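Topology and contacts: notes
Residues per chain are reported as follows:
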Amino acid sequence: MATYTTAALVRKRAENLDSSLTDGDIEDYIEEAEQILNTIMGASFLSSFDAAKHGIVRSGCNAWACSCAIIYNPDGFTDIREVNTILDVLNRQWSEVNRILANRQYVGYLESL
């Protein structure tokens, strides 16, 4: 079960997602992001997640899941340049979150909240 974000928040992130993409499909992407982030952090907030305290974790999950959902079927977007621009922004965000959460001191701070 997805914890760090929701399918509704991912859908808000990119309004033109394929309507045949179910919440269950998006939750699979979220769970994949959670596993990746937990591995990078060497920690898990699945039992203690609080969006107000761990917003960077939510942000990363949103970026990953939204990217996956767009790649699933980009037809809802105006053209491929729009898709590429959006994916570039999301991938930069995902990379930045990964870089930050790879810092053990930062993760220790998040754990102390």
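Throughout what follows, the structure given in this document is the object of discussion. It should be emphasised that the depicted structure is a prediction, and the values quoted were computed from it without experimental measurement. Along every chain, residues carry numbers that run from 1 in the direction the sequence is written. In keeping with the predicted nature of the model, local features appear solely for residues at pLDDT of at least 70, side-chain atom pairs appear and are counted solely at 80 or more, and the whole-chain, interface and lining totals rest on all residues. Hydrogen atoms and water are omitted, and side-chain values are computed over all heavy atoms in the structure.

**Describing the nonpolar core**
Within soluble globular proteins, side chains that are nonpolar generally end up buried alongside one another. For the purposes of this section, nonpolar cores are sets of buried Ala, Val, Leu, Ile, Met, Phe, Trp, Tyr and Cys residues that join through side-chain atoms within 4.5 Å. Relative accessible area decides the class of each residue, using a 1.4 Å probe on protein chains only: under 20% of the type maximum gives buried, over 50% gives exposed, and in between gives partly exposed. If you look at the biggest cluster of nonpolar residues, it comprises 34 residues, and the most contacted ones within it are Leu37, Met41, Val57, Ile70 and Leu101. The numbering of helices and of strands both runs from the N terminus, where a helix is a DSSP run of H or I of at least 4 residues and a strand a run of E of at least 2. Where this core is concerned, the elements lending two or more residues are helix H1 (7-13), helix H2 (23-41), helix H3 (55-72), helix H4 (80-101) and helix H5 (104-112). With nine residues, H3 is the largest single contributor of residues to this core. Pairs of residues are marked as contacts when any of their non-hydrogen atoms sit within 4.5 Å. The contact partners of Val57, leaving out residues within four places of it in the chain, are Tyr4, Leu37, Met41, Phe45, Phe49, Leu101 and Leu110.

**Re the packing of aromatic side chains**
Put simply, two rings from Phe, Tyr or Trp (the six-membered ring, in Trp's case) pair if the centres are within 6.5 Å, and we call them stacked under 30 degrees between planes, edge-to-face over 60, tilted for the rest. For the coordinates displayed, the defined rule picks out three aromatic pairs. Both rings, one in Trp64 and one in Trp94, keep their centres 4.8 Å apart while their planes meet at 45 degrees; by these two values the pair is tilted. Note that Trp64 is positioned in helix H3 and Trp94 in helix H4, a separation of 30 residues in sequence. You can call Trp94 buried: its relative accessible area is 9%.

**Examining the environment of Val57**
One can find Val57 in helix H3. Taking C-alpha positions, Val57 is 8.7 Å from Thr5, a pair spaced 52 residues apart along the chain.

**Structural notes on H3**
Every helix has an expected span of 1.5 Å times one less than the residues it contains. Between its first and last C-alpha, H3 extends 26 Å over 18 residues, near the 26 Å set by a 1.5 Å rise per residue. The buried fraction of H3 is high, at 13 of 18 residues.

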